[in-house]
Amino acid sequence: MKQFFSTHSYNMVKMFLNQFAIALFGFILVLAAGQAENTTLRNVTSVFAILFYLFLLYVMTWEIGFRDKVSVETGRKKRNPFTGVLISLCANSINFILAIFIMLASLFDVAALSNIGGVCASIAVFIEGMYTGLLANHVWGAALNSYWFVYFLLPIPAIVTCGIAYQLGVHDIKFTALFDQVYPESDREPSKKGKNNHD
């Protein structure tokens, strides 16, 4: 496990920074939609921010899997189908810690816990801002962000996305030319270059 953290600590931090950046972006979009008092616009902008966030995670984790491909095939690295999931779980550890405190504040009527839970809920809404627009919707008579269990569900799309992306990357399965390797001009079609030089 120590080796895993040593290898992927940078990826974990990068994932969280991506989350923070897109959360800020999504939060600003939701605030703008809120000023316009347009619920549909709020939901649409929130969904857009979520999809953009998951796309960034997909691209990043696919590349991690692709980099591991040769090592796995040659036996230098043991195949671990849960690598993408584990990286994402670690990157989302702050989200889960916040969710735990929010849960404790909701389940136990203790003043100190209530204060901590309130602070954690505010932080969670901010650093998971891409979901804020959807969490403002009312279900069962209350806004989604008022249910403690929702905060445990928010990281799941990211974890699933990273798990799938890593597997596709390590098997070099791509659905878009975005993942095609781009080589320097000097390395492209050497036979043609040689032919042109002879000409």
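Undergrad: Tell me about the environment of tyrosine 58, and name the residues and values.
TA: Tracing the backbone shows tyrosine 58 in helix α2 (residues 39-73). Exposure remark for tyrosine 58: the relative accessible area of 17% places this residue in the buried category.

Undergrad: I'd love a proper account of unusual backbone geometry, names of residues and values included.
TA: At tryptophan 140, a position not held by glycine, the phi torsion is positive, near 55°. Relative to the helices and strands, tryptophan 140 resides in the loop between β1 (138-139) and β2 (142-143). Under the relative-accessibility criterion, tryptophan 140 is labelled exposed at 70%. For aspartate 172, which is not a glycine, the phi torsion comes out positive at approximately 55°. The class of aspartate 172 is partly exposed, set by a relative accessible area of 30%.

Undergrad: Can you break down the nonpolar core residue by residue, with the values?
TA: Counting residues in hydrophobic clusters, the biggest one holds 34 residues, and the most contacted among them are Met15, Tyr53, Leu57, Met130, Tyr131 and Tyr151. At the level of secondary structure, the elements contributing two or more residues to this core comprise α1 (2-35), α2, α3 (83-91), α4 (93-107), α5 (111-127), α7 (150-153) and α8 (156-170). Ranked by residue count, the leading element in this core is α2, at eight residues. With residues near it in sequence (within four places) discarded, methionine 15 still touches Leu57, Met60, Thr61, Ile87, Ser88, Ala91 and Cys162.

Undergrad: Would you mind going over a nonpolar patch on the surface in detail, with residue names and values included?
TA: A surface patch of nonpolar side chains, amounting to about 610 Å² of accessible area, comprises Trp140, Phe149, Leu153, Ile156, Val160 and Ile164. Counting residues per element, the nonpolar patch draws most heavily on α8, at three residues. If you trace the backbone, isoleucine 156 turns up in helix α8.

Undergrad: I'd like to hear about the packing of α1 against α5, residue by residue, with values.
TA: Between two packed helices, the angle of one axis relative to the other and the distance separating the axes together describe the packing. Interhelical geometry of α1 versus α5 gives an angle of 90° and a closest axis separation of 7 Å. Taken together, the axes of α1 and α5 are roughly perpendicular relative to one another. Side by side, α1 and α5 meet where Phe16, Gln19, Phe20, Ala23, Leu24 and Phe27 of the first sit next to Val125, Phe126 and Ile127 of the second. Residues of the contact of α1 with α5, tallied by class, amount to eight nonpolar, one polar and no charged.

Undergrad: Hey, could you go over the packing of aromatic side chains for me, with residue numbers and the actual values?
TA: Scanning the model with the defined rule gives nine aromatic pairs in all. Considering the side-chain rings of phenylalanine 20 and phenylalanine 126, the 5.8 Å spacing of their centres and the 70° angle between planes classify their relative orientation as edge-to-face. One end of the pair, phenylalanine 20, is in helix α1; the other, phenylalanine 126, is in helix α5, and 106 residues separate them in sequence. On the basis of relative accessibility, which here comes to 36%, the residue phenylalanine 20 falls in the partly exposed class. A relative accessible area of 31% places phenylalanine 126 in the partly exposed class. Pairing tryptophan 140 with tyrosine 147 gives two aromatic rings, centres 5.7 Å apart and planes at 80°, and the pair type is edge-to-face. An aromatic cluster of at least three residues, connected via ring pairs, comprises Trp140, Tyr147, Trp148, Phe149 and Phe152.

Thresholds applied
Residues numbered from 1 in each chain as written. Predicted model: local features only at pLDDT ≥ 70, side-chain atom pairs only at ≥ 80, totals over all residues. Heavy atoms only, no water. Helix = DSSP H or I, 4+ residues; strand = E, 2+ residues; numbered from the N terminus. Buried < 20%, exposed > 50% of the residue type's maximum accessible area, 1.4 Å probe, protein only. Core = buried A, V, L, I, M, F, W, Y, C linked by side-chain atoms within 4.5 Å. Contact = heavy atoms within 4.5 Å. Patch = residues over 30% accessible without salt bridge, like charges linked within 9 Å, V, L, I, M, F, W, Y side chains within 5 Å. Areas by Shrake-Rupley, 256 points an atom, 1.4 Å probe, with all protein chains shown as cover. Salt bridge = Lys/Arg side-chain N within 4 Å of Asp/Glu carboxyl O. Axes fitted to C-alpha atoms, helices over the stretch in contact; angles between N-to-C directions. Parallel < 35°, antiparallel > 145°, perpendicular 65-115°, else oblique. Nonpolar A, V, L, I, M, F, W, Y, C, P; charged D, E, K, R; others polar. Phe/Tyr/Trp six-rings, centres within 6.5 Å; stacked < 30°, edge-to-face > 60°.

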